[in-house]
Amino acid sequence: MAAKTTHLGEVVKGLWRDNPVLVLLLGLCPTLAVTNSAYNGLGMGVATSFVLLGSNFIVSVMKPIIPKSVRIPVYIVVIATFVTIVDLALKAYLYDLSRNLGLFVPLIVVNCIILGRAEAFASRNSVGRSILDAVGMSIGFTLTLFVLGAIREIIGSGTLTFFQLGETEIKFSLLGANYPGVLVMILPPGAFLALGVMLALRNLIQKRLDDKSAG
Amino acid sequence: MPETVKMLIVLTLISAAASLGLAAFNDYTKPAIAENERQYTLSSIRKVIPEAEDPDPCTPSEPKFENAPDQDAVCVDGTMVYRGRKGGEIVGLAFRTIGDEAYSGTITTLVGLDVGGEVTGVEIIKHAETPGLGSIIEDCEWRSQLVGNDPSSMVWKVAKDGGPVDQISGATISSRSVIDGIVDAIELFEKKNKEIMSAEPMKDGEVCDGR
């Protein structure tokens, strides 16, 4: 299947056809846990993207020398290394974000998107294709988390935050200062509600597209 | 080469390379991370020892002290106490206390007291209460009633327990835990006053239990 995809197709599939969250339903734990604001979703997406790019690259480069029987331990060591780098970098340069994301940054190690792409894609494809795959998956993941975070933040608190570091922030109050907020959207159930609606919409649009191309 | 030997060599080499890279990056980021953590502690201490006559958590004020209280801390009965000084004299204290078990774990607070024992500020350092419910303890509007009360007549209880503090509805247990942290600070201040005011500051690298 992968052999026939074009280079652009390798990137685009992560956005829609094989979107890691909306279609593959991978990595739902951080997806649901940290998306209580748009900025947190964006931060988690970018952190995960860095790890995914790094691990896809290293795994595809090293695949000729990795013995089949220990490939999973090797992947985990590679992934854990990149995750630790992200964790340290966030603590050093984006302290507020690292406080918001907390334990979910170290937990990227066990995010199945990353191990999944290493095992299912990077270990079988060329370096170039593996990077394209990682780029597509990363954009798909980050965008989905950002949209999910934005929906929850707008309905839940009436604001939309793009960036926050100490006193500097890019934050819009969309529904006015008197907006009472819908608490459930900020709480974990809100993540399931918003994600459910997004899944339904994605499937609806896909169905329309399929119907159109079929008839 | 037998498969087992290759396996060993590859895994060892990869782990060694990973450790080397991480050790280098850790060394590189260490000073920045330590500075961030220090600034975070300092910014909380500044808030609980304000210059203002009538302190209020919702109104930012300049700090009352001129020194660096994080370098002038004492460890009393396992509680970190930061001492703010002006012209060498102690003008305010910040106690890092941990309240009773709340809805979800304990709540760590930084309680500011002036030399007369009046609460000048309460900051929530760490908690895992329900967002939007127990997390209201973070709102300055709620915390403002805890600050500036006459220390001789104040009763540290929520309304439900017959005291003057309005509990957060639906989160009485979180409110109680914060108050417990304040009471711990006041009791320590009264019992160990001499030690807190005159003990030698902790040295770099020393740790305190309650930290």
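Definitions and limits used
- Residues numbered from 1 in each chain as written.
- Chains lettered and ligands numbered in written order.
- Predicted model: local features only at pLDDT ≥ 70, side-chain atom pairs only at ≥ 80, totals over all residues.
- Heavy atoms only, no water.
- Pairing = 2+ DSSP bridges.
- Helix = DSSP H or I, 4+ residues; strand = E, 2+ residues; numbered from the N terminus.
- Axes fitted to C-alpha atoms, helices over the stretch in contact; angles between N-to-C directions.
- Contact = heavy atoms within 4.5 Å.
- Disulfide = S-S within 2.5 Å.
- Buried < 20%, exposed > 50% of the residue type's maximum accessible area, 1.4 Å probe, protein only.
- Phe/Tyr/Trp six-rings, centres within 6.5 Å; stacked < 30°, edge-to-face > 60°.
- Lys NZ or Arg CZ within 6 Å of the ring centre and 35° of its normal.
- Expected span 1.5 Å × (residues − 1).
- Arc of directions from axis to C-beta.
- Polar contact = N/O pair within 3.5 Å; in protein donor to acceptor, adjacent residues only side chain to side chain.
- Buried area = accessible area lost by both parts, 1.4 Å probe.
- Nonpolar A, V, L, I, M, F, W, Y, C, P; charged D, E, K, R; others polar.

(A) Main features of the sheet that holds strand β2 (residues 79–86) of chain B. Residue and element names in this part refer to chain B. Read from one edge of the open sheet, five strands run β1-β2-β3-β4-β5, paired in antiparallel fashion. At either margin of the open sheet sits one strand with a lone partner, and together these are β1 (73–76) and β5 (119–126). Direction aside, the axes of adjacent strands within the sheet are offset by 25 degrees on average. Pairing of strand β3 (residues 89–98) with strand β4 (residues 108–114), which is carried by seven bridges, proceeds in the antiparallel orientation. Pairing of Gly92 across the sheet is with Asp114, part of β4. Of the strands in this sheet, β2, β3, β4 and β5 are in contact with helix α1 (residues 3–48), which crosses β5 at around 150 degrees.

(B) Seen up close, the state of the cysteines. Counted according to the given criterion, the structure contains two disulfides over all chains. With a sulfur-sulfur separation of 2.2 Å, Cys58(B) is cross-linked through a disulfide to Cys140(B). Judged by the sign of its S-S torsion, about 105 degrees, the cystine formed by Cys58(B) and Cys140(B) is right-handed. Of the two residues, Cys58(B) is situated in the loop between α1 and β1 and Cys140(B) in helix α2 (residues 140–143); the sequence distance between them amounts to 82 residues. The exposure class assigned to Cys58(B) is partly exposed, which follows from its relative accessible area of 33%. Counting only the cysteines that form disulfides, in the order they appear in chain B, gives the pairing 1-3, 2-4. This cysteine, Cys29(A), is not joined by any disulfide, and Cys112(A) carries the nearest cysteine sulfur, 9.0 Å off. Cys112(A) sits in the partly exposed class, given a relative accessible area of 39%.

(C) Spotlight on the packing of aromatic side chains. Within the structure shown, the criterion is met by six aromatic pairs over all chains. Connected via pairs of aromatic rings, a cluster forms that spans Phe146(A), Phe162(A) and Phe172(A). A cation sits over an aromatic face here: Arg99(A) above Tyr40(B), 3.9 Å from the ring centre. The ring of Trp16(A) has Arg202(A) sitting right over it, with the charged end atom 4.7 Å from the ring centre.

(D) How the structure looks around the pairing of β5(B). Residue and element names in this part refer to chain B. Of all eight residues that make up β5, seven are buried, and the element is covered over most of its length. Pairing geometry for β4 and β5, over six bridges, is antiparallel. Of the residues in β5, the one forming a bridge with Gly112 is Gly121. Two successive antiparallel strands, β4 and β5, enclose a turn made up of four residues, where Gly117 displays a positive phi of approximately 90 degrees.

(E) A look at helix α4 (residues 71–93) of chain A. Counted at 1.5 Å a residue, the expected span for α4(A) with its 23 residues is 33 Å, and the 33 Å between its end C-alpha atoms agrees. Listed as buried for α4(A) are Val74(A), Tyr75(A), Val78(A), Ile79(A), Thr81(A), Phe82(A), Val83(A), Val86(A), Asp87(A), Leu88(A), Leu90(A) and Ala92(A). The secondary structure elements touched by the buried residues of α4(A) are α3 (38–62), α5 (95–101) and α6 (112–122) of chain A together with α1 of chain B.

(F) Focus on α6(A). All names here are of chain A. Within the span of α6, buried status applies to Ile113, Ile114, Arg117, Ala118, Phe121 and Ala122. Projected onto a plane normal to the axis of α6, the buried residues spread over an arc of 130 degrees and lie on a single side. Residues of α6 that are buried sit in contact with α1 (7–15), α3, α4 and α7 (127–157). Of the residues that open α6, the one with a side-chain oxygen 2.9 Å from the backbone nitrogen of Ile113 is Asn111.

(G) Layout of the interface of chain B and chain A. Contact with chain B, which involves 22 residues of that partner, is made by 23 residues of chain A. Together, the buried faces of chain B and chain A total about 2,000 Å²; carbon and sulfur atoms form 76% of this surface. Looking at the side of chain B facing chain A, the largest losses of area belong to Ile14(B), Leu22(B) and Phe25(B), adding up to 24% of the total buried there. Inspection of the chain B/chain A interface yields three residue pairs in polar contact (both at pLDDT 80 or more). Among the elements that take part in the side of chain B that touches chain A, α1(B) stands out by supplying 18 residues, more than any other. For the side of chain B that touches chain A, the per-class residue count stands at 13 nonpolar, six polar and three charged.

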